[in-house]
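# Chain and residue survey
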Amino acid sequence: MQKSRPPVAVWVIAGLYIAVGCAGFVYHFHQFRDPDGIWIAITELLAILAGSFLLVGRNWARWLALAWMAFHVVLSGFHAMREFAVHSVIFALIAWLLFSRPVSRYFRRGSEPAA
């Protein structure tokens with residue numbers, strides 16, 4: 001079966017997840033000795049993982065990307081209301097894009113039976 005190219009929305013979201021994950025990993029690298037630093041590194045690696053597997057059409061990566069962003073919405077709830085609002089809007093936009101009809105078809109293509 002020929003692999004289809006990811007829709008533009010997937011390229012953009014995956015690129016953002018990979019970029020944010022890499023930037024966060026580098027930025028927090030000096031904190032790895034702290035227990036919290038390890039958890040931060042894990043969340044950044046999860047962003048890179050989600051972005052990478054979005055590009056190859058793994059459906060679970062869509063859910064991981066949403067869970068990652070939902071985690072940040074919850075965390076931002078403990079900060080300023082503006083931060084919470086911004087993260088909530090970003091979450092809604094990502095969810096809308098990842099579950100739009102053309103993107104859903106892209107992620108479903110691997111589960112279709114061979115003809």
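### Description of the overall build of the protein chain
Helices and strands together make up the secondary structure of the protein chain, namely five helices and zero strands. Overall, the protein chain shows an N-to-C arrangement of helices and strands of α-α-α-α-α. Across the 115 residues that make up the protein chain, the buried fraction comes to 33%. Put simply, of all contacts in the protein chain between residues at least 6 apart along the chain, 63% involve residues at least 24 apart. Carbon and sulfur atoms provide 71% of the accessible area of the protein chain, an area that totals close to 7800 Å². Once the 10 positive and 5 negative side-chain charges of the protein chain are each reduced to a mean point, those two points are 19 Å apart.

### Some remarks on the nonpolar core
In terms of nonpolar packing, the biggest core is built from 19 residues, with Tyr 17, Leu 54, Ile 94, Leu 98 and Phe 107 touching the most fellow members. Contributing elements (two or more residues each) for this core: helix H1 (8-27), helix H2 (35-55), helix H3 (59-76), helix H4 (81-98) and helix H5 (101-108). Considering every element that reaches this core, the biggest residue donor is H3, with six residues. Beyond its immediate stretch of four places on either side in the chain, Tyr 17 contacts Ala 47, Ile 48, Ala 50, Gly 51, Ala 65, Leu 66, Trp 68, Met 69 and Ile 94.

### Some remarks on the packing of aromatic side chains
For the coordinates displayed, the defined rule picks out five aromatic pairs. Look at Phe 53 and Trp 60: their rings are 5.0 Å apart centre to centre, the planes differ by 40 degrees, and that puts the pair in the tilted class.

### Things to note about a nonpolar patch on the surface
A contiguous nonpolar surface patch, about 570 Å² in accessible area, is contributed by Ile 38, Trp 39, Ile 42, Leu 46, Leu 49 and Trp 60. Looking at the nonpolar patch, the element that brings in the most residues is H2, giving five residues. Residue placement: Ile 42 occurs in helix H2.

What counts and what doesn't
- Residues numbered from 1 in each chain as written.
- Predicted model: local features only at pLDDT ≥ 70, side-chain atom pairs only at ≥ 80, totals over all residues.
- Heavy atoms only, no water.
- Helix = DSSP H or I, 4+ residues; strand = E, 2+ residues; numbered from the N terminus.
- Buried < 20%, exposed > 50% of the residue type's maximum accessible area, 1.4 Å probe, protein only.
- Contact = heavy atoms within 4.5 Å.
- Areas by Shrake-Rupley, 256 points an atom, 1.4 Å probe, with all protein chains shown as cover.
- Lys, Arg positive; Asp, Glu negative; His and termini not counted.
- Charge placed at Lys NZ, Arg CZ, Asp CG, Glu CD.
- Core = buried A, V, L, I, M, F, W, Y, C linked by side-chain atoms within 4.5 Å.
- Phe/Tyr/Trp six-rings, centres within 6.5 Å; stacked < 30°, edge-to-face > 60°.
- Patch = residues over 30% accessible without salt bridge, like charges linked within 9 Å, V, L, I, M, F, W, Y side chains within 5 Å.
- Salt bridge = Lys/Arg side-chain N within 4 Å of Asp/Glu carboxyl O.

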